[in-house]
Amino acid sequence: INVILKNVKHVPKCGHPGTFVVFDDLNAFPILTGFDPCDVLFAAAEYGKGRIFAVSHEAYIEKFLKNPLKFDPLWPNIKNWLAHGEEICDDNIKSIENFESVSDITSSVKIIVWNGTFNKSELFINHLLKKYVSNGGSVLCGVCPWGWLSLSRRTLEDMSMNIF
(Lines give C-alpha, C1' and ligand atoms only; values in the text may rest on other atoms or scores of the structure.)
Protein backbone atom coordinates (compact mmCIF):
# COMPACT_ATOMS: atom_id res chain seq x y z
CA ILE A 1 0.00 0.00 0.00
CA ASN A 2 2.80 2.40 0.86
CA VAL A 3 4.31 2.12 -2.64
CA ILE A 4 0.98 2.94 -4.29
CA LEU A 5 0.16 5.91 -2.07
CA LYS A 6 3.71 7.28 -1.82
CA ASN A 7 3.62 11.11 -2.01
CA VAL A 8 -0.12 11.12 -2.89
CA LYS A 9 -1.80 14.08 -1.22
CA HIS A 10 -5.05 14.27 -3.19
CA VAL A 11 -7.04 12.04 -5.54
CA PRO A 12 -9.52 13.83 -7.83
CA LYS A 13 -13.02 12.39 -7.80
CA CYS A 14 -14.30 10.81 -11.01
CA GLY A 15 -18.04 10.49 -11.44
CA HIS A 16 -19.96 8.96 -8.56
CA PRO A 17 -17.88 5.93 -7.62
CA GLY A 18 -19.36 2.79 -6.18
CA THR A 19 -17.66 0.76 -3.47
CA PHE A 20 -16.02 -2.65 -3.23
CA VAL A 21 -16.07 -5.44 -0.72
CA VAL A 22 -12.48 -6.62 -0.23
CA PHE A 23 -11.74 -10.14 0.99
CA ASP A 24 -8.33 -10.38 2.61
CA ASP A 25 -8.33 -14.18 2.39
CA LEU A 26 -7.86 -13.64 -1.37
CA ASN A 27 -4.70 -11.57 -0.77
CA ALA A 28 -6.62 -8.40 -1.59
CA PHE A 29 -6.49 -5.14 0.31
CA PRO A 30 -8.18 -1.73 0.25
CA ILE A 31 -5.99 1.11 -1.00
CA LEU A 32 -8.27 4.14 -0.78
CA THR A 33 -11.57 4.58 1.01
CA GLY A 34 -14.15 7.31 1.32
CA PHE A 35 -14.88 9.02 4.63
CA ASP A 36 -16.32 5.70 5.80
CA PRO A 37 -13.53 3.08 5.79
CA CYS A 38 -16.09 0.55 4.50
CA ASP A 39 -16.43 2.59 1.28
CA VAL A 40 -13.51 1.09 -0.65
CA LEU A 41 -12.82 3.10 -3.80
CA PHE A 42 -9.50 1.51 -4.87
CA ALA A 43 -8.33 -2.01 -4.09
CA ALA A 44 -5.35 -4.13 -5.01
CA ALA A 45 -4.68 -7.86 -5.03
CA GLU A 46 -1.94 -10.32 -5.75
CA TYR A 47 -2.89 -13.50 -7.60
CA GLY A 48 -0.19 -16.06 -8.24
CA LYS A 49 2.77 -14.05 -9.55
CA GLY A 50 0.58 -11.24 -10.89
CA ARG A 51 -1.26 -8.20 -9.64
CA ILE A 52 -4.66 -6.56 -9.97
CA PHE A 53 -5.61 -2.97 -9.25
CA ALA A 54 -9.34 -2.18 -9.20
CA VAL A 55 -11.10 1.17 -9.19
CA SER A 56 -14.74 1.73 -8.29
CA HIS A 57 -15.53 3.79 -11.38
CA GLU A 58 -14.32 3.11 -14.90
CA ALA A 59 -13.80 6.86 -15.42
CA TYR A 60 -10.63 6.59 -13.30
CA ILE A 61 -9.09 4.29 -15.90
CA GLU A 62 -9.78 6.75 -18.71
CA LYS A 63 -8.44 9.66 -16.64
CA PHE A 64 -5.29 7.75 -15.64
CA LEU A 65 -4.51 7.02 -19.29
CA LYS A 66 -5.58 10.30 -20.89
CA ASN A 67 -4.68 12.82 -18.14
CA PRO A 68 -1.81 11.18 -16.27
CA LEU A 69 -0.47 14.46 -14.89
CA LYS A 70 -3.76 15.09 -13.08
CA PHE A 71 -3.16 11.84 -11.19
CA ASP A 72 0.54 12.29 -10.54
CA PRO A 73 2.03 10.67 -8.45
CA LEU A 74 -0.82 8.15 -8.01
CA TRP A 75 -0.92 6.83 -11.59
CA PRO A 76 2.88 6.36 -11.87
CA ASN A 77 2.80 4.59 -8.49
CA ILE A 78 0.01 2.24 -9.65
CA LYS A 79 1.86 1.48 -12.90
CA ASN A 80 5.07 0.83 -10.99
CA TRP A 81 3.31 -1.55 -8.58
CA LEU A 82 1.45 -3.38 -11.36
CA ALA A 83 4.68 -3.74 -13.37
CA HIS A 84 6.58 -5.11 -10.36
CA GLY A 85 8.89 -2.08 -10.44
CA GLU A 86 9.78 -2.54 -14.12
CA GLU A 87 9.95 0.64 -16.19
CA ILE A 88 7.14 0.48 -18.76
CA CYS A 89 5.79 2.77 -21.46
CA ASP A 90 2.28 3.29 -22.79
CA ASP A 91 2.86 0.64 -25.50
CA ASN A 92 3.08 -1.97 -22.73
CA ILE A 93 -0.48 -1.17 -21.60
CA LYS A 94 -3.27 -2.69 -23.72
CA SER A 95 -7.05 -2.83 -23.50
CA ILE A 96 -8.75 -6.15 -22.86
CA GLU A 97 -10.79 -5.46 -25.99
CA ASN A 98 -7.66 -6.31 -28.05
CA PHE A 99 -7.54 -9.93 -26.90
CA GLU A 100 -9.54 -12.98 -27.89
CA SER A 101 -7.05 -15.75 -27.09
CA VAL A 102 -3.84 -16.44 -25.19
CA SER A 103 -1.79 -16.11 -28.37
CA ASP A 104 -2.94 -12.49 -28.70
CA ILE A 105 -1.03 -11.48 -25.57
CA THR A 106 2.63 -10.91 -26.36
CA SER A 107 5.42 -10.61 -23.81
CA SER A 108 5.46 -6.82 -24.35
CA VAL A 109 2.04 -6.53 -22.68
CA LYS A 110 2.67 -5.71 -19.02
CA ILE A 111 -0.73 -4.34 -18.01
CA ILE A 112 -4.14 -5.22 -19.40
CA VAL A 113 -6.74 -2.50 -18.88
CA TRP A 114 -10.32 -3.65 -18.40
CA ASN A 115 -13.20 -1.20 -18.40
CA GLY A 116 -15.68 -3.38 -16.53
CA THR A 117 -18.58 -2.22 -18.68
CA PHE A 118 -17.01 -4.31 -21.46
CA ASN A 119 -18.13 -7.90 -20.87
CA LYS A 120 -15.95 -10.92 -21.54
CA SER A 121 -16.99 -14.56 -21.44
CA GLU A 122 -16.44 -16.73 -18.39
CA LEU A 123 -14.28 -18.97 -20.58
CA PHE A 124 -12.06 -16.01 -21.53
CA ILE A 125 -11.73 -14.93 -17.91
CA ASN A 126 -10.98 -18.37 -16.49
CA HIS A 127 -8.70 -19.66 -19.26
CA LEU A 128 -6.94 -16.50 -20.36
CA LEU A 129 -7.09 -13.64 -17.92
CA LYS A 130 -6.61 -15.59 -14.69
CA LYS A 131 -3.75 -17.56 -16.27
CA TYR A 132 -2.13 -14.33 -17.52
CA VAL A 133 -2.25 -12.80 -14.03
CA SER A 134 -1.21 -16.01 -12.27
CA ASN A 135 1.88 -16.16 -14.50
CA GLY A 136 2.94 -12.61 -13.58
CA GLY A 137 0.76 -10.31 -15.69
CA SER A 138 -1.20 -7.40 -14.30
CA VAL A 139 -4.70 -6.02 -14.77
CA LEU A 140 -6.03 -2.54 -14.10
CA CYS A 141 -9.80 -2.85 -13.97
CA GLY A 142 -12.72 -0.72 -12.97
CA VAL A 143 -16.45 -0.38 -13.03
CA CYS A 144 -19.06 1.52 -11.10
CA PRO A 145 -21.22 -1.34 -9.79
CA TRP A 146 -24.36 0.70 -9.20
CA GLY A 147 -23.97 2.36 -12.60
CA TRP A 148 -23.53 -0.99 -14.33
CA LEU A 149 -26.66 -2.31 -12.61
CA SER A 150 -28.79 0.67 -13.60
CA LEU A 151 -27.64 0.70 -17.24
CA SER A 152 -27.58 -3.05 -17.90
CA ARG A 153 -30.75 -3.89 -15.96
CA ARG A 154 -29.14 -7.19 -14.95
CA THR A 155 -27.70 -8.53 -11.69
CA LEU A 156 -24.14 -8.35 -10.37
CA GLU A 157 -23.83 -12.08 -11.09
CA ASP A 158 -24.09 -11.15 -14.79
CA MET A 159 -21.19 -8.69 -14.64
CA SER A 160 -18.15 -10.46 -16.10
CA MET A 161 -15.73 -8.50 -13.93
CA ASN A 162 -17.49 -10.06 -10.92
CA ILE A 163 -16.34 -13.52 -12.11
CA PHE A 164 -12.76 -12.31 -12.18
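Predicted model, so just to flag it, every value in this text is computed and none were measured.

What counts and what doesn't
Residues numbered from 1 in each chain as written. Predicted model: local features only at pLDDT ≥ 70, side-chain atom pairs only at ≥ 80, totals over all residues. Heavy atoms only, no water. Pairing = 2+ DSSP bridges. Helix = DSSP H or I, 4+ residues; strand = E, 2+ residues; numbered from the N terminus. Axes fitted to C-alpha atoms, helices over the stretch in contact; angles between N-to-C directions. Core = buried A, V, L, I, M, F, W, Y, C linked by side-chain atoms within 4.5 Å. Buried < 20%, exposed > 50% of the residue type's maximum accessible area, 1.4 Å probe, protein only. Contact = heavy atoms within 4.5 Å. Right-handed = clockwise from strand over helix to strand, strands pointing away. Salt bridge = Lys/Arg side-chain N within 4 Å of Asp/Glu carboxyl O. Polar contact = N/O pair within 3.5 Å; in protein donor to acceptor, adjacent residues only side chain to side chain. Arc of directions from axis to C-beta.

## What about the sheet that holds strand β6 (residues 138–142)?
For step 1, the next point in the chain: Pairing is mixed in the open sheet, where six strands are placed in the order β1-β2-β3-β6-β5-β4. The sheet terminates laterally at β1 (28–33) and β4 (93–95), the two strands that pair on one side only. Neighbour to neighbour, the strand axes of the sheet diverge by 20 degrees on average, direction disregarded.
For step 2, the next point in the chain: Looking at chain direction, β4 and strand β5 (residues 111–115) are connected through three bridges and run parallel. When the sheet's bridge partners are listed, Ile93 is paired in β5 with Ile111.

## Description of the nonpolar core
For step 1, the next point in the chain: Phe42, Phe53, Phe64 and Leu140 are the most contacted members of the largest nonpolar core, which totals 26 residues.
For step 2, the next point in the chain: Elements supplying a minimum of two residues to this core: β1, β2 (40–47), β3 (50–55), α2 (58–66), α3 (74–82) and β5.
For step 3, the next point in the chain: A total of five residues in this core trace back to one element, the largest contributor, which is α3.
For step 4, the next point in the chain: Leave out the neighbours within four places in its chain, and Phe42 touches Val11, Pro30, Ile31, Leu32, Phe53, Ala54, Val55, Tyr60, Phe64 and Leu74.

## Examining the pairing of β5
Taken residue by residue, a regular strand's side chains alternate between the two faces of the sheet.
For step 1, the next point in the chain: The element β5 is extensively covered by neighbouring structure, given that four of its five residues are classed as buried.
For step 2, the next point in the chain: At this point the chain moves from β5, through helix α4 (residues 122–134), to the parallel β6, and the crossover so formed is right-handed.

## Here we look at the pattern of salt bridges
Note on pairing: side chains with opposite charge can pair once their charged atoms come close.
For step 1, the next point in the chain: Using the criterion set out here, one finds two salt bridges in the structure.
For step 2, the next point in the chain: Its salt-bridge partner being Glu46, residue Arg51 comes within 3.4 Å of it at the nearest N-O pair.
For step 3, the next point in the chain: A relative accessible area of 29% places Glu46 in the partly exposed class.

## Considering the side chain of Ser138
For step 1, the next point in the chain: Within the fold, Ser138 resides in strand β6.
For step 2, the next point in the chain: On the accessibility criterion, Ser138 (0% relative accessible area) is buried.
For step 3, the next point in the chain: A distance of 2.4 Å separates a polar side-chain atom of Ser138 from the backbone oxygen of Leu82.
For step 4, the next point in the chain: Setting aside chain neighbours within four positions, we find Ser138 in contact with Arg51, Leu82, His84, Lys110, Ile111, Ile112 and Tyr132.

## Focus on helix α5 (residues 145–152)
For step 1, the next point in the chain: Here α5 has its buried residues at Pro145, Gly147 and Trp148. Down the axis of α5, the buried side of the element spans an arc of 160 degrees, and every buried residue falls inside it.
For step 2, the next point in the chain: Arg153 sits one or two residues past α5 and shows a positive phi near 60 degrees.

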